[in-house]
Amino acid sequence: MENQLKSASQASAIRFISSSVGDNSDYNYSTKYNGSMHLALSSNHAQTTTSANKADTQDTSSHGHCIQQCYKLLTDCDVQVYRARRRKYILAKIHFFRRWINYHIRLGQSEITLTTNETSTDNSIAFSVIKDISVRSKFKIIHRNSQFCITIVTNDHINLFKLNTRDLRDQLFYSMKWKLNKFKFEHNLRSTDNSEILLKEIKNVVDFTMAIPIEDVEIRYFPLEIICEILQKQEFNSIPFVYENAIEALAPLLEKKYPSPEAYDFFTRYCRDSPRSPIVLDMFALSVQKILKHTDFSTCLPIRTLVQEYLLSLNSQNDGLQAVDNFIKRMHSPTMVCPFLRVLSNLISVCLAGIYSFFKERKRFHFENEDSCREYDTKNESQLICYTHILQTIIYRNVVKNLVEDPRCEVHQTVLGRCEGKDGWFETFCFNGNACCNDDGEMFSQMLNKLISCCCRKKSFLLSINKLLPSLMLLALRGRQSSLDTLCAMLDVDAVENHDNKLKLISILKSTSNGSNMYADTCARQRVLKQIQQKGGPRELTLAPNSIDIDLAGLLSRGPFGNLESLNLAFTDVTSACAKYIIKLPALRDLNVRSTRFGDAGLELISEHLNQLEILNLSETPVTDKGLTYLANMKMLRKLNLNSTNISDLAILILQV
């Protein structure tokens with residue numbers, strides 16, 4: 001024995017395990033490294049410091065900043081274990097020549113389980129008896145190659161866990177530390193009834209969670225879940241400052257991580273019970289922003305409820321809707337170009353769900369009289385106003401306005417209803433309509449101006465808005481130029497369905513100076529039209545080759561052409577723009593636009609006005625399948641020439657049907 005000790009001493013391989021790691025100090029969770037990072041995590045505090053050899057657990061960036069490595073939570077692995085009883089004297093600790101035993105360890109909720117094939121029973125180390133967990137870089141006295149070990153000290157034993165790599169050792173070490181401290185913290189939180197001790201333990205949990213270099217769903221949710229569960233206990237419900245201080249302590253976790261589903265209920269309840277608390281505005285803002293940017297509400301409905309209560313809390317502040325507006329502006333840009341695609345849809349989902357819940361809850365109440373019903377509506381209408389205001393803000397500023405301002409017809413026409421009997425944004429934003437809240441018809445006027453000035457100055461559209469005539473006349477009285485233009489256009493194409501409405505419309509135009517001038521111009525155009533449509537003139541007319549649209553307009557202005565039945569424009573340079581002159585011919589039966597630039601836009605216009613047309617020659621023109629669909633309205637058409645066009649066979653078959 002003496003020779004062995006002498007030999008070991010000469011080899012300078014003896015390293016002793018300090019018995020101080022198991023002392024009964026307040027810092028019984030301390031973690032000690034030899035020449036590496038020192039992570040001090042106790043029941044009172046959690047902090048991270050570095051020592052000489054930072055390369056053991058940290059990397060250093062090119063700018064000199066320390067970047068701590070993170071690990072995945074490890075719940076089981078294969079290790080070699082040496083277990084020895086704690087000895088009082090140093091010479092009694094030299095037991096390291098015994099063999100190591102291969103174990104499969106599993107980290108449970110309250111203990112570490114060790115399983116081996118050599119024994120039929122499992123060994124376990126309860127977290128309640130662990131005094132310290134530490135790491136050792138080298139144990140040459142144990143074995144020449146035993147470089148990476150973890151030491152677990154209990155009341156009676158020292159347990160050594162040997163692993164092959166430093167990364168695996170650190171991963172297991174931090175996983176053990178997490179499980180141990182989770183057990184300790186949960187026990188302390190559940191066993192205390194003192195609010196001061198509770199807040200102190202909550203601070204410790206948060207500090208420990210922020211310091212531990214482990215990334216896992218369990219670590220993300222455990223602190224929020226356990227703290228919210230404890231705070232909802234009956235003895236703490238009547239202590240407001242406990243809630244406020246606890247939420248302030250949770251702020252670092254809310255900035256870094258999402259709340260757990262269980263935590264959403266607690267935060268929602270707090271927002272509902274204390275809507276004007278500064279804690280709601282300061283601590284929940286970042287979490288709500290993350291939810292709106294990245295969360296799919298279909299996976300967790302309580303998340304949406306939290307956002308609803310937060311918005312109502314903003315609305316309950318002194319500045320009310322202005323606070324809501326400021327939040328919406330921070331969340332989403334004033335255009336549709338936003339890097340977070342979920343924000344707009346999530347906000348709409350939150351508001352629509354809130355409006356639905358409002359009326360659903362209202363149906364459940366049985367009001368004794370009208371006064372009780374009115375009292376309920378007055379008390380809760382602020383919720384409805386808040387949601388509708390948000391919808392108006394985000395839809396007006398971020399969607400509809402951009403659709404209206406888009407120069408492409410296929411884009412700005414999307415504000416019109418696509419299904420028969422279903423209103424679109426145009427009808428929704430109509431003056432005195434559902435979405436015209438404090439807008440004074442501004443959005444509706446913008447839509448109307450774009451549609452009338454671009455692609456909707458057509459009889460079919462003007463006929464369809466007869467139902468909006470009261471709003472149009474009211475806006476015209478207020479001098480809205482778009483409404484004045486629309487009313488004059490309705491007179492031009494005789495799109496006013498009721499004679500009494502026509503008289504009212506004329507009266508409205510005459511009541512304003514601008515409208516009176518526009519009505520005078522309309523009457524002048526009507527006189528010219530009547531002159532063109534008077535009986536008389538030729539029955540057939542052929543325009544000279546190379547003629548253009550202006551030539552046709554000048555020719556027709558010298559009317560009358562009320563008897564003109566056949567118009568030949570073949571081999572001229574007319575375009576679709578000449579259609580607005582052609583539709584003034586009431587008796588036209590035969591139209592030849594062969595080898596011209598007459599296209600889809602011209603077909604759309606003549607299909608609305610020349611229902612009596614029987615023969616149409618479109619050969620060698622740029623018409624497409626889309627233009628051919630307009631001809632379905634021409635019931636009298638019996639001869640159609642489509643030679644040398646790009647019309648597909650399918651479009652012809654559809655037209656025949």
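Residues numbered from 1 in each chain as written. Predicted model: local features only at pLDDT ≥ 70, side-chain atom pairs only at ≥ 80, totals over all residues. Heavy atoms only, no water.

As annotated in an unreviewed UniProt entry, the protein chain is C-Maf-inducing protein PH domain-containing protein from Rotaria magnacalcarata.

K.L.:
Any chance you could explain the overall build of the protein chain here in plain terms?
P.N.:
Check the secondary structure of the protein chain and you find 25 helices and 18 strands. Across the 657 residues in the protein chain, those meeting the buried criterion constitute 47%. The contacts in the protein chain between residues at least 6 apart in sequence include a share of 63% that link residues at least 24 apart. With an accessible surface of roughly 33900 Å², the protein chain has 49% of that area assigned to carbon and sulfur atoms. (Helix = DSSP H or I, 4+ residues; strand = E, 2+ residues; numbered from the N terminus. Buried < 20%, exposed > 50% of the residue type's maximum accessible area, 1.4 Å probe, protein only. Contact = heavy atoms within 4.5 Å. Areas by Shrake-Rupley, 256 points an atom, 1.4 Å probe, with all protein chains shown as cover.)

K.L.:
Got a minute to help me understand the confidence of the model for the protein chain in this structure?
P.N.:
Predicted coordinates in regions of low pLDDT should not be interpreted in detail. Per-residue confidence for the protein chain gives a mean pLDDT of 78; residues scoring 70 or more make up 80%. Low pLDDT (under 50) marks residues 89-95, which in the prediction has 9 contacts with non-local residues, meaning those over four places away or in another chain. Confidence over residues 137-144 falls short of pLDDT 50; this stretch has 22 contacts with residues more than four positions distant or in other chains. (pLDDT = per-residue confidence, 0-100.)

K.L.:
Can you walk me through the packing of aromatic side chains in this structure?
P.N.:
Centre-to-centre distance and the angle between the planes together describe a pair of aromatic rings. This structure, assessed with the given rule, holds 12 aromatic pairs. Taking NZ or CZ as reference, K162 lies 4.7 Å from the ring centre of W100, over its face. (Phe/Tyr/Trp six-rings, centres within 6.5 Å; stacked < 30°, edge-to-face > 60°. Lys NZ or Arg CZ within 6 Å of the ring centre and 35° of its normal.)

K.L.:
How do you make sense of unusual backbone geometry when you look at a structure like this?
P.N.:
Excluding glycine, residues mostly have negative phi values, and the peptide bonds linking residues are mostly trans. The phi angle at N546 is positive, at roughly 70 degrees, despite the residue not being glycine. Looking at the secondary structure, you find N546 in the loop between strand 14 (540-542) and helix 21 (549-556). Positive phi outside glycine occurs at E620, with the angle close to 60 degrees.

K.L.:
I would appreciate a short explanation of the pairing of strand 6 (residues 76-85) in the present structure.
P.N.:
It is a general feature of regular strands that their side chains alternate between the two faces of the sheet. Across 6 bridges, strand 6 lies against strand 7 (residues 101-107) in antiparallel orientation. When the sheet's bridge partners are listed, V79 is paired in strand 7 with Y103. Judged from the 6 bridges that link them, strand 6 and strand 12 (residues 157-163) form a sheet pairing that is antiparallel. Its bridge partner being in strand 12, R83 is matched across the sheet by N159. (Pairing = 2+ DSSP bridges.)

K.L.:
Can you walk me through the pattern of salt bridges in this structure?
P.N.:
Two side chains that carry opposite charge are able to pair once their charged atoms sit near each other. Applying the stated criterion to the full structure yields 13 salt bridges. Residues K458 and E604 are paired through a salt bridge, measuring 2.4 Å at the closest nitrogen-oxygen approach. On the criterion of sequence distance, the pair formed by K458 in the loop between helix 15 (442-454) and helix 16 (459-464) and E604 in helix 23 (residues 600-609) is long-range, its members being 146 residues apart. Neither K458 nor E604 differs from the other in exposure class; each is buried. Linked through salt bridges whose partners overlap, the residues forming this network are K179, K182 and E218. (Salt bridge = Lys/Arg side-chain N within 4 Å of Asp/Glu carboxyl O.)

K.L.:
Help me out: how do you make sense of the packing of helix 8 (residues 285-294) against helix 10 (residues 321-331) in this one?
P.N.:
Direction vectors running N to C along helix 8 and helix 10 enclose 50 degrees, while the axes themselves pass 11 Å from each other. In terms of orientation, helix 8 and helix 10 fall into the oblique class. Where helix 8 crosses over helix 10, the two elements pack in a sense that is right-handed. Two secondary-structure elements touch here, helix 8 through V288, Q289, L292 and K293 and helix 10 through F327, R330 and M331. For the contact of helix 8 with helix 10, the per-class residue count stands at 4 nonpolar, 1 polar and 2 charged. (Axes fitted to C-alpha atoms, helices over the stretch in contact; angles between N-to-C directions. Parallel < 35°, antiparallel > 145°, perpendicular 65-115°, else oblique. Left-handed = near helix turned anticlockwise from the far one by under 90°. Nonpolar A, V, L, I, M, F, W, Y, C, P; charged D, E, K, R; others polar.)

K.L.:
Please explain the sheet that holds strand 17 (residues 615-617) as it appears in this structure.
P.N.:
Either a parallel or an antiparallel arrangement is found when strands of a sheet pair, and the pairing is made through backbone hydrogen bonds. As summarised here, the arrangement of the 5 strands in space is 14-15-16-17-18, forming an open sheet in which the pairing is parallel. The two strands at the open ends of the sheet, each matched to only one other strand, are strand 14 and strand 18 (639-641). Shown here is a sheet whose adjacent strand axes are inclined to one another by a mean of 5 degrees, direction ignored. Relative to strand 16 (residues 590-592), strand 15 (residues 566-568) runs parallel, the two being bridged by 3 bridges. When the bridges of strand 16 are listed, S566 appears paired with D590.

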